[in-house]
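An overview of the molecular structure
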Amino acid sequence: MFSRSRPLLRLLAEIPADVAVVKRAFHATPSRAKAQLLDGKRISREILTELRNEIDAWHAIGRKKPHLSVVLVGNNPASLSYVGNKLKAAKSAGITSETIRLPESISQSDLLSLLESLNTNRNVDGILVQFPLPPHISERAVCDTVSPQKDVDGFHVESMGHLCQGKEGFYPCTPLGIMELLKRSGVDTFGKNAVVCGRSKNVGMPTAMLMHADGCGDATTTICHRHTPNKQMRAFVGLADILITAVGQPGLITADMVRDGVVVVDVGITRRFDSAKNAFVLKGDVDFEGVSQKASFITPVPGGVSGDTFDNRPICLSNVRRLNFLLSPDNIFIVLYACRSSKFLPVLTAR
């Protein structure tokens, strides 16, 4: 279970001594400078470097490098781009990977059979299925077919159950990325009022769970969603010390809604045509220019948590590395240094 003696469940990285952490207090007065950026790109590079060092050390003593299998169905341009970025990040971290490309016409039963074969393949440490999938394939069926022992996305129903129960497991990567971003930026969540806008099963809900969990976020957490009346949402947002949005609705949060000194994490990302720039641009849920005048910290879009900054690269790869260490066939007992935690975890394996 979560507890104050086991901060962040040993899943979030202990910050190395040579990584600078910004310490900045919440401000409650209007006379303050523009918000400091929560730089997801910089922190993702730090994590990738740490992963590379750990994997190199692991490989140097004769262990195999972690291997990630990515399953891509169809030819969605955005999916192709995301997968390419993930494989590039895996290579930079020292993780071997492969892309299994399948036609959009593949049947659900054939896709599930492939996943079952990857589940039993001892050379595969992590499995990632790129979404969205064609409409004739159930994403829930796919998520629950991937073995929870190789579920680096953290979408399996068992993984979600572990999250809700505060048990060790592989959690959705974007929520873990948000917690890592706050932690490495020196943002204290203990005892704060946190508001999460959005209740999706992969981002909003697990983020709220981590924010309020004992020994993890320890915040008083409120979830707003599409059925929350606008007047009530404005009231909740106005009380937030930490505001996390994951809706995909540009302009949802404006400066008049937030308090001075709020910490804002904008996970929303929407592609919109900007007539002034005569080009498509990415927009978050938050009016960045206005809200940044009142916030103490804020994420830019892109460059914060949205897109591929955290959700399926550094945190996902950390899950792959952790799986590889856990499933090492050469050990009966191994000491798993789980995500650079200060606590060593003895793990009994059956391999």
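See the structure shown above.
Now for a quick tour of the structure.

The rules behind each value
Residues numbered from 1 in each chain as written. Predicted model: local features only at pLDDT ≥ 70, side-chain atom pairs only at ≥ 80, totals over all residues. Heavy atoms only, no water. Helix = DSSP H or I, 4+ residues; strand = E, 2+ residues; numbered from the N terminus. Buried < 20%, exposed > 50% of the residue type's maximum accessible area, 1.4 Å probe, protein only. Contact = heavy atoms within 4.5 Å. Areas by Shrake-Rupley, 256 points an atom, 1.4 Å probe, with all protein chains shown as cover. 1 Å grid on protein atoms, 1.4 Å probe; cavity = no way out; pocket = protein on both sides within 12 Å on 5 of 7 lines; lining within 4 Å. Points joined across faces, edges and corners; volume = space filled by probe spheres on them. Nonpolar A, V, L, I, M, F, W, Y, C, P; charged D, E, K, R; others polar. Axes fitted to C-alpha atoms, helices over the stretch in contact; angles between N-to-C directions. Parallel < 35°, antiparallel > 145°, perpendicular 65-115°, else oblique. Pairing = 2+ DSSP bridges. Phe/Tyr/Trp six-rings, centres within 6.5 Å; stacked < 30°, edge-to-face > 60°. Lys NZ or Arg CZ within 6 Å of the ring centre and 35° of its normal. Core = buried A, V, L, I, M, F, W, Y, C linked by side-chain atoms within 4.5 Å.

1. What to know about the overall build of the protein
A count of helices and strands for the protein gives 10 helices and 13 strands. The proportion of buried residues among the 351 residues of the protein is 52%. Long-range contacts, defined as pairs at least 24 residues apart, comprise 70% of the intrachain contacts of the protein with a sequence gap of at least 6. Of the roughly 15600 Å² of accessible surface on the protein, 55% is carried by carbon and sulfur atoms.

2. Considerations on empty space enclosed by the protein
Taken as a whole, this structure holds two cavities of 30 Å³ or more when the rule is applied. Considering only enclosed or pocket space, the second largest cavity measures out at about 70 Å³ in volume. Surrounding the second largest cavity, Ile127, Leu128, Val129, Phe131, Val142, Cys143, Val146, Asp151, Asp153 and Phe155 form its lining. Elements represented by at least two residues in the lining of the second largest cavity include exactly strand 4 (126–129) and helix 4 (139–145). Top element by residues in the lining of the second largest cavity is strand 4. It accounts for three residues. Among the residues making up the lining of the second largest cavity, the classes are represented as eight nonpolar, no polar and two charged.

3. Side note on the packing of helix 1 (residues 40–60) against helix 2 (residues 77–93)
In a packed pair of helices, the relevant descriptors are the angle between the two axes and the axis-to-axis distance. Running from N to C, helix 1 and helix 2 point in directions that differ by 50°, and their axes come no closer than 8 Å. Considering the angle they form, helix 1 stands oblique to helix 2. Residue-level inspection shows Leu48, Leu51, Arg52 and Ile55 of helix 1 in contact with helix 2, the latter providing Ala89, Lys91, Ser92 and Ala93. Split by residue class, the contact of helix 1 with helix 2 holds five nonpolar, one polar and two charged.

4. Some details on the sheet that holds strand 2 (residues 67–73)
Reading across from one edge, 3-2-4 is the order of the three strands in this open sheet, with parallel pairing throughout. Looking along the sheet, the strands with just one partner apiece sit at the ends: strand 3 (96–102) and strand 4. Taken pair by pair, the neighbouring strands of this sheet meet at an average axis angle of 20°, ignoring direction. Pairing between strand 2 and strand 3: seven bridges, direction parallel. Paired with Ser69 across the bridge in strand 3 is Glu98. The strands that helix 2 touches are strand 2, strand 3 and strand 4; relative to strand 3, the one it contacts most, it runs at about 160°.

5. With respect to unusual backbone geometry
Each neighbour pair has its own omega, and for Phe131 with Pro132 the value is 5°, a cis peptide bond. Position of Pro132 among the secondary structure elements: in the loop between strand 4 and helix 4. The phi dihedral of Asp218 is positive, around 55°, even though this residue is not glycine. Position of Asp218 among the secondary structure elements: in the loop between helix 7 (204–212) and strand 6 (220–224).

6. Some points on the sheet that holds strand 1 (residues 36–37)
Strand order across the open sheet formed by six strands is 1-11-8-7-5-6, with parallel pairing between neighbours. The sheet is open, and its two borders are formed by strand 1 and strand 6, each paired with just one other strand.

7. Focus: the packing of aromatic side chains
This model, assessed by the stated rule, comprises two aromatic pairs. Look at Phe131 and Phe155: their rings are 6.2 Å apart centre to centre, the planes differ by 15°, and that puts the pair in the stacked class. With Phe131 in the loop between strand 4 and helix 4 and Phe155 in the loop between helix 4 and helix 5 (157–165), the pair connects residues that are 24 residues apart, well separated along the chain. Ring centres 5.4 Å apart and planes at 75° place the aromatic pair Phe273 and Phe280 in the edge-to-face group. Positioned above the aromatic ring of Trp58 is the side chain of Arg63, whose terminal nitrogen or guanidinium carbon lies 5.5 Å from the ring centre. Against the face of Phe280 rests Arg271, its NZ or CZ located 4.0 Å from the ring centre.

8. A short note on the environment of Ala255
Take Ala255: it is sitting in the loop between strand 7 (242–245) and strand 8 (263–266). Note: C-alpha distance between Ala255 and Gly238 (17 residues apart in sequence) is 10.0 Å. When neighbours within four sequence positions are excluded, Ala255 is seen to be in contact with Gly290, Val291 and Lys294.

9. A look at the nonpolar core
Membership of the largest hydrophobic core comes to 41 residues, with the highest contact counts inside it found for Leu38, Leu182, Met211, Ile244 and Val265. With sequence-adjacent residues up to four places away left out, Val265 is seen in contact with Leu38, Ile178, Leu182, Leu243, Ile244, Thr245, Thr299 and Val305.

10. As for the pairing of strand 8
Of the two faces of strand 8, the one holding Val263 and Val265 and the one holding Val264 and Asp266 are both buried throughout. Taken together, the two bridges between strand 8 and strand 11 (residues 297–298) define a ladder with parallel strand orientation. Considered in strand 11, the bridge of Val264 is made with Ile298.

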